[in-house]
Amino acid sequence: MKLLLVEDDLDVGNGVRMALNDQGVDVVWVRRLAQGVEQLQDETLDMVLLDLGLPDGDGLALVREMRRRARQLPVLVLSARDALEDRLRSLDDGADDYLIKPFALAELLCRVRALARRSGLSGEAEGLRLRGLALHEGTRQVGLHGQPVKLSRSEFDLLALLLKRNGRVLTRQALEEYALRGGTGYDSNALDVHMSNLRRKIGPGFIRTVRGIGYVIDAEPLPAEVA
Ligand code: CA
C-alpha cells in the first residue's frame, strides 16, 4: 500500500511516516497543500492522510481537487480542529474518516487499516479477488479457480496493482514505475513482455490494452471478442 501524507508538522509527520513504514506501507510525505495536489498525479497512491491546517491553504482544497479530477482515493483527515462543524465539513467534502490531534499512533494505524478494508485495499489481510482470480500480497501467492499460478516478481506486482485499481486505466508510465522499478534500466518493451506473459498465465478476460495509454482490468467481465 502507498499512502500520501500531507502534514506540515515535523514531529507528527515523522511519527506517522515511521509508524506506517514499520507496517510495510510506503509513505510519500509532503508538507504543503500545493505539493499534495501535485502528488495526485501519482496513479499508484492508495490513500491520503490529510492535515487541514497547512501553511499554504486548507487541506480540504485537496479533497475538492481530487473530486474535480474524478480521482477516488480514501481520505483520512488528521486535524486539531475538534469542532463538530469542522468534522462534518470534512466528511461533506468527501473525506472518509476524521482523527483528532493529538492521536495515538496505534489508533492511526487502526483507522488506516479499517479504511483500507472498507476501500477494498486490504490485499495484505484478505487478498484481492476478481472472477476466480485471487491474489494475496502477504504471501505473494496467486490462484486461478483454486489452482496456484506461478508469477515472476514483476508480473505479481503488475497484477496486484491492476487488481487494486480494477476498473481504472493505469498508464504505461505508472505501471513501469511501480512494478519494474529498481531494474538495471529496462527497455521500452519490458512492460509489454511482462503483460504478455501475465496474460498467458492467468488467461483471457482480465487484462485489457488501452491503446496508446496503458492497461486495465475491468471490474465487469469483458465480452470474449474484446478480451
Ligand atoms: Ca498543520
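Please read all numbers here as calculations on a predicted model, not as lab measurements.

Conventions and cut-offs
Residues numbered from 1 in each chain as written. Predicted model: local features only at pLDDT ≥ 70, side-chain atom pairs only at ≥ 80, totals over all residues. Heavy atoms only, no water. Helix = DSSP H or I, 4+ residues; strand = E, 2+ residues; numbered from the N terminus. Buried < 20%, exposed > 50% of the residue type's maximum accessible area, 1.4 Å probe, protein only. Donors = N, O, S within 2.8 Å, 3.2 Å for Na, K, Ca; no water. Pairing = 2+ DSSP bridges. Axes fitted to C-alpha atoms, helices over the stretch in contact; angles between N-to-C directions. 1 Å grid on protein atoms, 1.4 Å probe; cavity = no way out; pocket = protein on both sides within 12 Å on 5 of 7 lines; lining within 4 Å. Points joined across faces, edges and corners; volume = space filled by probe spheres on them. Nonpolar A, V, L, I, M, F, W, Y, C, P; charged D, E, K, R; others polar. Domains from an automatic or database assignment. Contact = heavy atoms within 4.5 Å. Salt bridge = Lys/Arg side-chain N within 4 Å of Asp/Glu carboxyl O. Core = buried A, V, L, I, M, F, W, Y, C linked by side-chain atoms within 4.5 Å.

K.L.:
Before we go on, may I ask you to explain the overall build of the chain in this structure?
P.N.:
Along the chain, the regular secondary structure elements total eight helices and 14 strands. Within the span of the chain, comprising 227 residues, buried residues form 48% of the whole.

K.L.:
How should I be thinking about the coordination of the calcium ion in this particular structure?
P.N.:
Tetrahedral coordination by four donors puts the ideal angle at the metal at 109.5 degrees, and octahedral coordination by six puts it at 90 or 180 degrees. Coordination sphere of the calcium ion, protein contribution only: Asp8 (OD), Asp51 (OD) and Gly53 (O), at 2.2 to 2.4 Å. Going along the chain, you hit the donors of the calcium ion in the pattern D-x42-D-x1-G. Pair noted here: aspartate 8 is in the loop between strand E1 (2-6) and helix H1 (10-22) and aspartate 51 is in strand E3 (residues 47-51), with a separation of 43 residues, a long-range link.

K.L.:
In this structure, what is going on with the sheet that holds E3? I would like to understand it.
P.N.:
The pairing of strands in a sheet comes from backbone hydrogen bonds and takes either a parallel or an antiparallel form. Taken in spatial order, the five strands make up an open sheet running E2-E1-E3-E6-E7, and their pairing is parallel. Of all the strands in the sheet, the pair left with one neighbour each is strand E2 (26-30) and strand E7 (97-100). Pairs of neighbouring strands in the sheet enclose a mean axial angle of 20 degrees, with direction left out of account. Summarising the sheet, E1 and E3 pair through four bridges and their orientation is parallel. Residue pairing for E3: leucine 4 is matched across the bridge by valine 48.

K.L.:
Sorry if this is basic, but what is going on with the layout of surface pockets here?
P.N.:
Gaps between atoms show up when a probe of the same size as a water molecule is rolled over them. A volume near 190 Å³ is recorded for the second largest pocket. Residue lining of the second largest pocket: twelve residues in total, with Asp42, Glu43, Thr44, Ala174 and Glu177 positioned closest to the centre. In terms of residue class, the lining of the second largest pocket is built from two nonpolar, four polar and six charged. Composition of the lining of the second largest pocket by domain shows at least three residues from each of domain 1 (2-118) and domain 2 (128-217).

K.L.:
Honestly, the side chain of aspartate 218 in this entry has me stumped. Any pointers?
P.N.:
Looking at the secondary structure, you find aspartate 218 in the segment after strand E14 (214-217). If we ignore the near neighbours within four places in the chain, the residues touching aspartate 218 are Leu130, Arg131, Gly167, Phe206 and Arg208.

K.L.:
Even after reading the chapter, I still don't get the pattern of salt bridges, so can you show me in this structure?
P.N.:
Any two side chains of opposite charge can pair, given that their charged atoms come close. Scanning all chains against the criterion turns up 14 salt bridges. In this structure, arginine 69 engages glutamate 65 in a salt bridge whose closest nitrogen and oxygen atoms are separated by 2.8 Å. You can call arginine 69 partly exposed: its relative accessible area is 34%. Aspartate 97 serves as the salt-bridge partner of arginine 111, at 3.2 Å between the closest nitrogen and oxygen. Residue arginine 111 is found in helix H5 (residues 105-118), and its partner aspartate 97 is found in strand E7; the two are separated by 14 residues along the sequence.

K.L.:
Just checking my understanding: could you explain the nonpolar core for this structure?
P.N.:
Within soluble globular proteins, side chains that are nonpolar generally end up buried alongside one another. Counting 30 residues, the largest nonpolar core has Leu159, Leu175, Met195 and Ile207 as the members making the most contacts within it. Counting only elements with at least two residues in this core, the list comes to strand E8 (128-130), strand E9 (133-136), strand E10 (141-144), helix H6 (153-164), helix H7 (172-179), helix H8 (190-202) and E14. The element best represented in this core is H6, accounting for seven residues. Beyond its immediate sequence surroundings of up to four residues, methionine 195 is in contact with Leu158, Leu162, Leu175, Ile207 and Tyr215. In this structure, Leu3, Ala19, Val27 and Met47 belong to the second largest nonpolar core, which totals 20 residues.

Everything listed here is a matter of geometry and, on its own, says nothing about what the molecule does.
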